[in-house]
Amino acid sequence: MFVVSLNYVAELTEVDKCIDAHVAYLDKYYSLGKFVLSGRKVPRTGGVILMDCDSREEVDVIIEEDPFFKAKVAEYAVTEFIPTLSAAGLEQFTAANRR
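Being a predicted model, the structure only gives us computed values, none of them experimental.

Each value, and the rule that gives it
Residues numbered from 1 in each chain as written. Predicted model: local features only at pLDDT ≥ 70, side-chain atom pairs only at ≥ 80, totals over all residues. Heavy atoms only, no water. Pairing = 2+ DSSP bridges. Helix = DSSP H or I, 4+ residues; strand = E, 2+ residues; numbered from the N terminus. Axes fitted to C-alpha atoms, helices over the stretch in contact; angles between N-to-C directions. Contact = heavy atoms within 4.5 Å. Phe/Tyr/Trp six-rings, centres within 6.5 Å; stacked < 30°, edge-to-face > 60°. Buried < 20%, exposed > 50% of the residue type's maximum accessible area, 1.4 Å probe, protein only. Polar contact = N/O pair within 3.5 Å; in protein donor to acceptor, adjacent residues only side chain to side chain.

Comments concerning the sheet that holds strand β3 (residues 46-51)
In step 1: Pairing is antiparallel across the open sheet formed by four strands, whose spatial order is β2-β3-β1-β4. Each end of this open sheet is capped by a strand with a single partner; those strands are β2 (35-40) and β4 (74-80). Across the sheet, the axes of successive neighbouring strands diverge by a mean angle of 15°, strand direction being ignored.
In step 2: Packed onto the sheet, helix α2 (residues 19-31) meets β1 (2-8), β2 and β3 and runs at close to 160° relative to β2.

Right, here's the structure in full:
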């Protein structure tokens, strides 16, 4: 499991030009089961994506498809973690229940 923290490095007017394409990108990876949660930071300085990927290399490939990455309006910090506990309904993401 990976936490991806996006930080905007451009004005919000530039970020907003990429929003529709970014939402399509999110939809794609939700449909493929790679994204678990995502959303904006408050204040709006970037966003966070929780990814269910098998490797850091897979995460990097997916990030490179993000329109924010392509437009150079965001930087990405990636943290891998091993979930050991979860809320009800999310047990499939814990290490004991991984594929």
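What about the packing of aromatic side chains?
In step 1: Per the counting criterion, the structure on display carries six aromatic pairs.
In step 2: Ring geometry for Tyr8 versus Phe68: centroids 5.8 Å apart, planes at 85°, classification edge-to-face. Separated by 60 residues along the polypeptide, Tyr8 in strand β1 and Phe68 in helix α4 (residues 67-70) bring together distant segments of the chain. In this pair, the class of Tyr8 matches that of Phe68, namely buried.
In step 3: Feature note: the residues Tyr25, Tyr29, Tyr30 and Phe35 constitute an aromatic cluster, connected by ring pairs.

As for unusual backbone geometry
In step 1: The omega torsion of the bond from Val42 to Pro43 falls at 0°, within 30 degrees of zero and hence cis.
In step 2: Assignment of secondary structure puts Pro43 in the loop between β2 and β3.
In step 3: Backbone geometry at Lys72 places phi at a positive 60°, although glycine is not the residue there.
In step 4: You can see Lys72 is positioned in the loop between α4 and β4.

Things to note about the environment of Arg98
In step 1: Position of Arg98 among the secondary structure elements: in the segment after β4.
In step 2: Residue classification places Arg98 among the partly exposed residues on the basis of a relative accessible area of 27%.
In step 3: Sequence spacing of Arg98 and Lys34 is 64 residues, and the spatial spacing of their C-alpha atoms is 14 Å.
In step 4: Once residues lying within four places of it in the same chain are set aside, the contact partners of Arg98 are Met1, Asp52, Cys53, Gln92 and Phe93.

Describing the environment of Glu91
In step 1: Summarising the element assignment, Glu91 is placed in the segment after β4.
In step 2: The exposure class of Glu91 is partly exposed, given its relative accessible area of 38%.
In step 3: When sequence neighbours within four positions are dropped, the list of residues in contact with Glu91 reads Ser86 and Asn97.
In step 4: A polar contact of 3.0 Å, which involves the side chain of Glu91, links it to the backbone nitrogen of Gly89.

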